[in-house]
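Here is how the chains run, residue by residue.
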Amino acid sequence: MSSYPYDCLNNWPPPIELLPWLNAKGSLTAMLEEKAGQPLRVERSFEGYRLLTLHQKRQLGLHNSALNRSMLAWVREVRLYGNDDKPWVQAQSVFPLASLKGGARRLQQLKGIPIGYVLFKRSRTLPNKRSVCLTDDGWQRQTCYDWYRRKLLISETFLSAFLSSDA
Ligand SMILES: C=C(O[C@@H]1C=C(C(=O)O)C=C[C@H]1O)C(=O)O
């Protein structure tokens, strides 16, 4: 079950039209493609290894000595386009190396394929913990997914073009 603690209460509430998106339990890719009426276009701005930050380690549920250990992750930063020339969502996905075992290694070779196609291939929802906050770029949801016992951290920011799109 996803708990749903709103962070940044001082910016509360998000716009009502965003709530179904911030609170979506299944694949955001599927929802965006339905709204766009066409496949999502994924524009990658970064893919590579980075050290996990302390905040990311905590979001991934690490405790005590693990918090003080340097840990590498595979990071992917993208912009997601629906059916116009401005991006609708800016996303960062963080895969701790421990989560990239076996078949999960393909998450490093997705190129323009949305992660959602892989993550939600076999189940419409995944156990997760989620928080929501307002950032300089827009309302953001940060979700720690449990994907068959592999932890993945995905943050998605809904950009102004998404709110103004009439799709
Ligand atoms: C996690 C999902 O995949 C989406 C696709 C992403 C990508 O391709 O990098 C990143 C974040 C998500 O919005 C999803 O569909 O829910």
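Fair warning: this is a prediction, and the values are worked out from it, not measured in the lab.

Draft legend 1. Molecular detail of the pattern of salt bridges. Applying the stated criterion to the full structure yields six salt bridges. Residue arginine 44 pairs with glutamate 47 through a salt bridge whose shortest N-O separation is 2.9 Å. Its relative accessible area of 24% is what places glutamate 47 among the partly exposed residues. A salt bridge links arginine 76 to glutamate 47; the shortest N-O distance between them is 3.0 Å. Separated by 29 residues along the polypeptide, arginine 76 in strand β2 (residues 72-81) and glutamate 47 in strand β1 (residues 41-51) bring together distant segments of the chain. Its relative accessible area of 2% is what places arginine 76 among the buried residues.

Draft legend 2. Looking closely at the confidence of the model for the protein chain. The pLDDT averaged across the protein chain works out to 92; a share of 93% of its residues lies at or above 70. Counted against residues more than four places away or in other chains, residues 1-5, with its pLDDT under 50, gives 13 contacts. Interface confidence for the predicted complex, expressed as ipTM, amounts to 0.96; the pTM equals 0.92.

Draft legend 3. Structural context of the sheet that holds β2. Taken in spatial order, the six strands make up an open sheet running β1-β2-β3-β6-β5-β4, and their pairing is antiparallel. Edge positions in the sheet fall to β1 and β4 (128-135), since each has one partner strand and no second. Taken pair by pair, the neighbouring strands of this sheet meet at an average axis angle of 15 degrees, ignoring direction. Pairing geometry for β4 and strand β5 (residues 138-147), over eight bridges, is antiparallel.

Draft legend 4. Quick peek at the site of the ligand. What surrounds the ligand is a group of 16 residues, the closest being Ser27, Leu28, Thr29, Arg76 and Glu156. With respect to the ligand, the backbone of glycine 116 contributes an N or O atom lying 3.1 Å from an oxygen atom. When isolated, the ligand has an accessible area of 390 Å², and the protein chains bury 100% of it. If you list the elements that add at least two residues to the shell around the ligand, you get α2 (28-36), β2, β3 (89-96), α5 (115-119) and β6 (150-158). Taken together, the residues that form the shell around the ligand break down as 10 nonpolar, four polar and two charged.

Draft legend 5. Representation of the environment of arginine 41 within the structure. Relative to the elements of secondary structure, arginine 41 occurs in strand β1. A relative accessible area of 43% places arginine 41 in the partly exposed class. Residues arginine 41 and tyrosine 81, 40 residues apart in the sequence, show an inter-C-alpha distance of 4.9 Å. Contacts of arginine 41, omitting those with residues within four sequence positions, involve Arg79, Leu80 and Tyr81.

About the cut-offs
- Residues numbered from 1 in each chain as written.
- Predicted model: local features only at pLDDT ≥ 70, side-chain atom pairs only at ≥ 80, totals over all residues.
- Heavy atoms only, no water.
- Salt bridge = Lys/Arg side-chain N within 4 Å of Asp/Glu carboxyl O.
- Buried < 20%, exposed > 50% of the residue type's maximum accessible area, 1.4 Å probe, protein only.
- Helix = DSSP H or I, 4+ residues; strand = E, 2+ residues; numbered from the N terminus.
- pLDDT = per-residue confidence, 0-100.
- Contact = heavy atoms within 4.5 Å.
- Pairing = 2+ DSSP bridges.
- Axes fitted to C-alpha atoms, helices over the stretch in contact; angles between N-to-C directions.
- Near = heavy atom within 4 Å.
- Polar contact = N/O pair within 3.5 Å; in protein donor to acceptor, adjacent residues only side chain to side chain.
- Areas by Shrake-Rupley, 256 points an atom, 1.4 Å probe, with all protein chains shown as cover.
- Nonpolar A, V, L, I, M, F, W, Y, C, P; charged D, E, K, R; others polar.

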